[in-house]
Amino acid sequence: GHCDIARLYLTTGVVSTLLAGDPRRSYYRPRYSPDGQKFVASVSDSGQWRIVVADRDGKNPRVLNPGDGANRYDATWHGMDSLLVVSERGGDASWA
């Protein structure tokens, strides 16, 4: 299976998909920025975990990947423009 990132409008019951998963890509734990203008989530893409940031409507997704092969996930906002993420770069999962 896989997970999408979707938005539910509680007043109308309308659901819209912001980022669609597929059999090789699945999203996890989206979190809106403090100002609500963008969100961050973890994405497993072909077995590697990365961080993705997108506009509040799912447009302009950007995968944060320093290219070192380490898994990164469980991002949370630290202020408006900074993220704390779990990284496995040193071999063990730790906050980076």
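In the block above lies the structure referred to throughout.
Residues numbered from 1 in each chain as written. Predicted model: local features only at pLDDT ≥ 70, side-chain atom pairs only at ≥ 80, totals over all residues. Heavy atoms only, no water.

Can you tell me about the overall build of the chain, naming the residues and giving the values?
Looking only at helices and strands, the chain features zero helices and nine strands. Shown N-terminal to C-terminal, the secondary structure of the chain runs as helices and strands in the order β-β-β-β-β-β-β-β-β. Taken against the 2.2 N^0.38 rule, which gives 12 Å for 96 residues, the C-alpha radius of gyration of the chain at 14 Å falls within 12% of a compact globule. Projected onto its principal axes, the C-alpha coordinates of the chain cover approximately 45 × 35 × 20 Å. Put simply, of all contacts in the chain between residues at least 6 apart along the chain, 23% involve residues at least 24 apart. Counting every atom, the chain has about 6000 Å² of accessible surface; 50% of that belongs to carbon and sulfur. Computed over 12 positive and 11 negative side-chain charges, the inter-centroid distance for the chain is 3 Å. (Helix = DSSP H or I, 4+ residues; strand = E, 2+ residues; numbered from the N terminus. Rg over C-alpha atoms; globule rule 2.2 N^0.38 Å. Contact = heavy atoms within 4.5 Å. Areas by Shrake-Rupley, 256 points an atom, 1.4 Å probe, with all protein chains shown as cover. Lys, Arg positive; Asp, Glu negative; His and termini not counted. Charge placed at Lys NZ, Arg CZ, Asp CG, Glu CD.)

Provide a residue-level description of the pairing of strand β7 (residues 72–77), including the pertinent values.
Taken together, the four bridges between β7 and strand β8 (residues 83–87) define a ladder with antiparallel strand orientation. Paired with Y73 across the two strands is V86, which belongs to β8. Linking β7 to β8, which pair antiparallel, is a turn of five residues; within it G79 sits at a positive phi near 85°. (Pairing = 2+ DSSP bridges.)

Tell me what's going on with a nonpolar patch on the surface, and back it up with residues and numbers.
A surface patch of nonpolar side chains, about 350 Å² in accessible area, is lined by L8, L10 and V15. Within the element layout of this structure, V15 appears in strand β2 (residues 15–19). Residue V15 is classed as exposed on the basis of its relative accessible area, which comes to 55%. (Patch = residues over 30% accessible without salt bridge, like charges linked within 9 Å, V, L, I, M, F, W, Y side chains within 5 Å. Salt bridge = Lys/Arg side-chain N within 4 Å of Asp/Glu carboxyl O. Buried < 20%, exposed > 50% of the residue type's maximum accessible area, 1.4 Å probe, protein only.)

Account for the packing of aromatic side chains, naming residues and giving values.
Across all of its chains, the model carries two aromatic pairs by this definition. Taking 6.3 Å as the distance between ring centres and 75° as the angle between the ring planes, the aromatic pair formed by Y28 and W49 counts as edge-to-face. Remark: W49 occurs in strand β5 (residues 48–55) and Y28 occurs in strand β3 (residues 25–32); sequence separation between them is 21 residues. Here Y28 falls in the partly exposed class, since its relative accessible area comes to 44%. Given the relative accessible area of 27%, W49 is considered partly exposed. Ring geometry for Y32 and F39: centres 6.0 Å apart, planes at 75°, overall edge-to-face. (Phe/Tyr/Trp six-rings, centres within 6.5 Å; stacked < 30°, edge-to-face > 60°.)

I'd like to hear about the side chain of R72, residue by residue, with values.
Mapped onto the secondary structure, R72 falls in strand β7. For R72, a relative accessible area of 12% translates into the label buried. A polar atom in the side chain of R72 sits 2.8 Å from the side chain of D68. Beyond its immediate stretch of four places on either side in the chain, R72 contacts W49, R50, I51, P66, V85, V86, S87 and R89. (Polar contact = N/O pair within 3.5 Å; in protein donor to acceptor, adjacent residues only side chain to side chain.)

Which residues make up the nonpolar core, and what values do they have?
Listed in full, the nine residues of the largest apolar core are I5, L18, L19, Y27, F39, A41, V43, V52 and A54. Where this core is concerned, the elements lending two or more residues are β2, β4 (38–45) and β5. With six residues, the next largest nonpolar core counts V40, V53, A75 and W77 among its residues. (Core = buried A, V, L, I, M, F, W, Y, C linked by side-chain atoms within 4.5 Å.)

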